[in-house]
Amino acid sequence: MNLEGLEMVAVLVVLALFVKVLEQFGLFEPVSLEDSVEDEFELSTVCHRPEGLEQLQEQTKFTRKELQVLYRGFKNECPSGIVNEENFKQIYSQPKGEQLSISSTYATFLFNAFDTNHDGSVSFEDFVAGLSVILRGTVDDRLNWAFNLYDLNKDGCITKEEMLDIMKSIYDMMGKYTYPALREEAPREHVESFFQKMDRNKDGVVTIEEFIESCQKDENIMRSMQLFDNVI
């Protein structure tokens, strides 16, 4: 696999793996429409009770049945109703069959993108809100989510240091699958390429406006975005 330009589409690769892992866990297992909201959302031994189904339908782009399926899988993996960072890393850092494993570092970045209120945990509401953007959001919605993933300290811009951390984690995750093998300096070279393409005013950081504008002008990225349209 050639990693040319991977810094611009890495989030799509990781999220594709993420969805495959969800399938392994049974999150997309068929569920009877007769399952009631009360049956699906009634938890007697959990420390977090999710919001009502109708409210989540209004807040996301999932149907009632899809939310029931997602919740059943989430509950199976996370009986307490929430996931902390260590649990998240344990779940998504392990390879499933022939699938790539997500590096521990990238799993942390992914966790932080889902933990939108920065309380150190991901609830079912956080989970479906993120999935709704990834799988059902507009192009701008998805690009905003990707930018948030890259913006590690959440200050509204991407620095070279942040992108280097991202690229090193991608290298750890996918480097061994590339041919020819990547050179040690490849992550830093990709960071420079990323900033040449996206840092329009050459001020050393990439803003959300620069990121979205650059991605929208890249046909490969726009095509990749469409891969998620029919996942579920």
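The name given to the chain in an unreviewed UniProt entry is Potassium voltage-gated channel interacting protein 2, with Aotus nancymaae as the source organism. The UniProt entry for the chain carries the following comment under Sequence similarities (unreviewed entry): "Belongs to the recoverin family." In its Subcellular location (unreviewed entry) section, the UniProt entry covering the chain states "Cell membrane".

1. Overview of the packing of helix 6 (residues 104-114) against helix 8 (residues 139-150)
For the pair helix 6 and helix 8, interaxial distance at closest approach is 8 Å and the crossing angle is 125°. Overall, the two elements helix 6 and helix 8 adopt an arrangement that is oblique. Where helix 6 crosses over helix 8, the handedness of that crossing is right-handed. In this structure, helix 6 uses Tyr106, Phe109, Leu110, Ala113 and Phe114 to contact helix 8, whose residues at the interface are Trp145, Asn148, Leu149 and Tyr150.

2. A short note on the pattern of salt bridges
Evaluation of the coordinates by the stated rule reveals four salt bridges. In this structure, Lys89 and Glu86 form a salt bridge, with 3.6 Å as the shortest nitrogen-oxygen distance. Here Glu86 and Lys89 lie together in helix 5 (residues 85-92), a separation of three residues that amounts to about one turn. Exposure remark for Lys89: the relative accessible area of 17% places this residue in the buried category. Overall, the relative accessible area of 46% leaves Glu86 in the partly exposed class. Note that Lys160 and Glu192 form a salt bridge whose closest N and O atoms lie 3.3 Å from each other. Residue Lys160 is located in helix 9 (residues 160-174), and its partner Glu192 is located in helix 10 (residues 186-198); the two are separated by 32 residues in the primary sequence. Residue class for Glu192 comes out partly exposed when judged on its relative accessible area of 33%.

3. Section: helix 11 (residues 208-216)
Count 3.6 residues to each turn of an α-helix, and residues three or four apart come out pointing the same way. Those residues of helix 11 that sit buried are Ile208, Glu210, Phe211, Ile212, Ser214 and Cys215. On the buried face of helix 11, the contacting elements are helix 8, strand 3 (157-159), helix 10, strand 4 (205-207) and helix 12 (219-225).

4. Re the UniProt feature "domain: EF-hand" (unreviewed entry) in the chain
The UniProt record marks residues 102-137, 138-173 and 186-221 with the feature "domain: EF-hand" (unreviewed entry), using the residue numbering of this structure. The distance from the first to the last C-alpha atom of residues 138-173 is 28 Å, and the span holds 72% helix and 8% strand.

Conventions adopted
- Residues numbered from 1 in each chain as written.
- Predicted model: local features only at pLDDT ≥ 70, side-chain atom pairs only at ≥ 80, totals over all residues.
- Heavy atoms only, no water.
- UniProt positions renumbered as here; feature names shortened; annotations may be inferred.
- Axes fitted to C-alpha atoms, helices over the stretch in contact; angles between N-to-C directions.
- Helix = DSSP H or I, 4+ residues; strand = E, 2+ residues; numbered from the N terminus.
- Parallel < 35°, antiparallel > 145°, perpendicular 65-115°, else oblique.
- Left-handed = near helix turned anticlockwise from the far one by under 90°.
- Contact = heavy atoms within 4.5 Å.
- Salt bridge = Lys/Arg side-chain N within 4 Å of Asp/Glu carboxyl O.
- Buried < 20%, exposed > 50% of the residue type's maximum accessible area, 1.4 Å probe, protein only.

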